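# Remarks on the overall topology
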Amino acid sequence: MKSISYVFIRLGIGISMLGHGLVRIPKLMAFSEGMVDNFKDSILPEFLLIPFSLALPFIEFFIGLFLVLGWQTKTAAFGGGVLMLVLIGGTTLIENWAGLPTQMIHLLFFVLVYEFNNANGWALDRSQEIK
């Protein structure tokens, strides 16, 4: 993979995640309440949903920030992939089949960022290697 192609992929998924966090953090309680409400008929207990829904926007924000900066890129991509698997699991539990393709696409982008990290050119990760 060419470095410029990788940068576009890394920035694309990074901006998406950063944006998810940025728009949700200012309305954190409303986001959390909405998520808990969406899962009210699922098998997931509220005592798990509330802390997860409060943490999710911050996790999205930091994964996105790290990817945009190209810092801890491989770790951020791994974390993003794990996060997507958790979200996909939740999406299937509430039978939100319309939301599944978007999460699968995000997962694919995290896999690409992880797998082709050797092409990670314009990134803070690379500035640490040049000594």
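Everything numeric here is computed off the predicted structure, so don't read it as measured data. (Residues numbered from 1 in each chain as written. Predicted model: local features only at pLDDT ≥ 70, side-chain atom pairs only at ≥ 80, totals over all residues. Heavy atoms only, no water.)

### Structural notes on helix α5 (residues 100–115)
Look at α5: 22 Å from first C-alpha to last across 16 residues, which is about the 22 Å you get at 1.5 Å a residue. Tucked inside the fold, the buried residues of α5 contact α1 (3–24), α3 (46–69) and α4 (73–93). (Helix = DSSP H or I, 4+ residues; strand = E, 2+ residues; numbered from the N terminus. Expected span 1.5 Å × (residues − 1). Contact = heavy atoms within 4.5 Å.)

### Focus on the packing of aromatic side chains
Here the structure, examined in full by the defined rule, presents 4 aromatic pairs. Considering the side-chain rings of Phe 66 and Trp 71, the 4.8 Å spacing of their centres and the 85 degrees angle between planes classify their relative orientation as edge-to-face. The rings of Phe 61, Phe 62, Phe 66 and Trp 71 are connected pair by pair, giving a single aromatic cluster. In this arrangement the basic side chain of Lys 74 is found over the ring face of Tyr 114, its NZ or CZ atom lying 4.7 Å from the centre. (Phe/Tyr/Trp six-rings, centres within 6.5 Å; stacked < 30°, edge-to-face > 60°. Lys NZ or Arg CZ within 6 Å of the ring centre and 35° of its normal.)

### What about the pattern of salt bridges?
Considering all chains together, one arrives at 2 salt bridges under this definition. When the shortest N-O distance is used, the salt bridge between Glu 60 and Arg 24 registers 2.8 Å. Highlighted residues: Glu 60 in helix α3 and Arg 24 in helix α1, separated in sequence by 36 residues. Given the relative accessible area of 2%, Glu 60 is considered buried. Across the salt bridge formed by Asp 37 and Lys 40, the nearest N and O atoms sit 3.6 Å from each other. Judged by relative accessible area, Asp 37 falls into the partly exposed class, the value being 41%. (Salt bridge = Lys/Arg side-chain N within 4 Å of Asp/Glu carboxyl O. Buried < 20%, exposed > 50% of the residue type's maximum accessible area, 1.4 Å probe, protein only.)

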